[in-house]
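An overview of the molecular structure
Residue-level listing of the chains:
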Amino acid sequence: MTLPMRLPFILLAPLLLTGCFIETSTYSIDPNTDHAITVRVEKGTFWAKEGTLRVIMSRLPECQRQLELGSVWLSGLQVELFGNGNNVYTLRADDQAWQIDTTDCTGREAPDADAVTGLPLGIFELGDDDKLNFEKPEASADE
């Protein structure tokens, strides 16, 4: 195929990638150290309604690790983060839950999504602009 015949395909190829994204947002556990949880959402094609959810735990210099959590529905995606003490955290999205331990950067067996307990730390939310943001919970009037 000659260049003039390939040119339309070359010019149209970037359009196939529009609507694809990789978005990350981080919850800093201790701002004075490199101890954080980062959530990453990937959408591979513009027509996809689901994406891949990953978590990256870091507690440097001891450990840093990425775990693939699975496939999630992107529309209205909210990933709640709960602190369970002793560097154990639970993430919940819809009817799925995952538990991680940042002491050694490992995954743990998670409770059922409707049985998640712990201190609510905030929500990773995918907005209409396909940007992932972390929002801390609003302080109650008692505090």
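As shown above, the structure is provided for reference.
Conventions adopted
Residues numbered from 1 in each chain as written. Predicted model: local features only at pLDDT ≥ 70, side-chain atom pairs only at ≥ 80, totals over all residues. Heavy atoms only, no water. Helix = DSSP H or I, 4+ residues; strand = E, 2+ residues; numbered from the N terminus. Buried < 20%, exposed > 50% of the residue type's maximum accessible area, 1.4 Å probe, protein only. Phe/Tyr/Trp six-rings, centres within 6.5 Å; stacked < 30°, edge-to-face > 60°. Pairing = 2+ DSSP bridges. Axes fitted to C-alpha atoms, helices over the stretch in contact; angles between N-to-C directions. Disulfide = S-S within 2.5 Å.

The subject of this paragraph is the overall build of the protein. Assigned secondary structure in the protein consists of one helix and ten strands. Moving toward the C terminus, one meets the helices and strands of the protein in the order α-β-β-β-β-β-β-β-β-β-β. Out of the 143 residues belonging to the protein, those deemed buried represent 36%.

Turning our attention to the packing of aromatic side chains. Taken as a whole and judged by the stated rule, the model has three aromatic pairs. Where Phe-46 meets Trp-47, the ring centres are 5.0 Å apart and the plane angle is 85°; that geometry is what we call edge-to-face. Take Phe-46: its relative accessible area is 41%, and that puts it in the partly exposed class. When the centroid spacing of 4.7 Å and the interplanar angle of 55° are considered together, the rings of Phe-124 and Phe-134 count as tilted. Of this pair, Phe-124 sits in strand β9 (residues 119–126) while Phe-134 sits in strand β10 (residues 132–135), and the two are ten residues apart along the sequence. An identical accessibility class is assigned to Phe-124 and Phe-134; each is buried. Here the aromatic cluster, defined as three or more aromatic residues joined through ring pairs, consists of Tyr-27, Phe-124 and Phe-134.

This part is about the sheet that holds strand β6 (residues 88–93). In spatial order, the strands read β8-β7-β6-β5-β9-β10; together these six strands make up an open sheet with antiparallel pairing. In the strand order of this sheet, the two ends are held by β8 (106–108) and β10, each with one partner. Each adjacent strand pair in this sheet contributes to an overall mean axis angle of 25°, direction not counted.

This part is about the state of the cysteines. The final tally for this structure, using the stated rule, is one disulfide. With a sulfur-sulfur separation of 2.1 Å, Cys-63 is cross-linked through a disulfide to Cys-105. Looking down the S-S bond of the Cys-63 and Cys-105 bridge, the torsion is 65°, so its handedness is right-handed. One end of the pair, Cys-63, is in strand β4 (residues 63–73); the other, Cys-105, is in the loop between β7 (96–101) and β8, with 42 residues separating them in the sequence. Accessibility classification places Cys-63 together with Cys-105 in one group, the buried group.

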